[in-house]
Amino acid sequence: MEITVDEDKCVASGQCAMTVPEVFDQRDEDGVVILLDARPVAAVHDEVHAAVALCPAAAIRVAEGRRPLG
C-alpha cells in the first residue's frame, strides 16, 4: 500500500487523523492533513481504507502494492 494526499483538496475534517493517527495527522494552524507514513504496515490497511472512505473531500488516494524505490 502506498498513500498519497492532496493537501489542496483537504477540508480539514480530521476523519483520517481520528481513524488512523499513526498514519495521518493535521497541521496545527489550519487542520490540513499531514501524511505521517506513506507505506504503513499491513496491520492498519483496513483502517486506512476506512479513512479514505470517510474523507469528505476525497483528498486521500491509496495504491496497492509497492513501486520500486529510485
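Shown above is the structure to which this text applies.
So, here's what we can say about the structure. (Residues numbered from 1 in each chain as written. Predicted model: local features only at pLDDT ≥ 70, side-chain atom pairs only at ≥ 80, totals over all residues. Heavy atoms only, no water.)

On to the pattern of salt bridges, then. In total, this model carries 4 salt bridges according to the counting rule given. Salt-bridge contacts for Glu29 lead to Arg27; the nearest nitrogen and oxygen are separated by 3.6 Å. Residue Arg27 is classed as partly exposed on the basis of its relative accessible area of 27%. Here the salt bridges do not stand alone but share partners, grouping Glu7, Arg27, Glu29 and Asp30 into one network. (Salt bridge = Lys/Arg side-chain N within 4 Å of Asp/Glu carboxyl O. Buried < 20%, exposed > 50% of the residue type's maximum accessible area, 1.4 Å probe, protein only.)

Let us now look at unusual backbone geometry. With phi around 60°, Ala12 is a residue other than glycine that occupies positive phi space. Among the secondary structure elements, Ala12 is positioned in the loop between β1 (2-5) and α1 (15-19). Look at Ala58: it is not a glycine, yet its phi comes out positive at around 55°. Mapped onto the elements of the fold, Ala58 is located in the loop between α2 (45-54) and β4 (60-63). (Helix = DSSP H or I, 4+ residues; strand = E, 2+ residues; numbered from the N terminus.)

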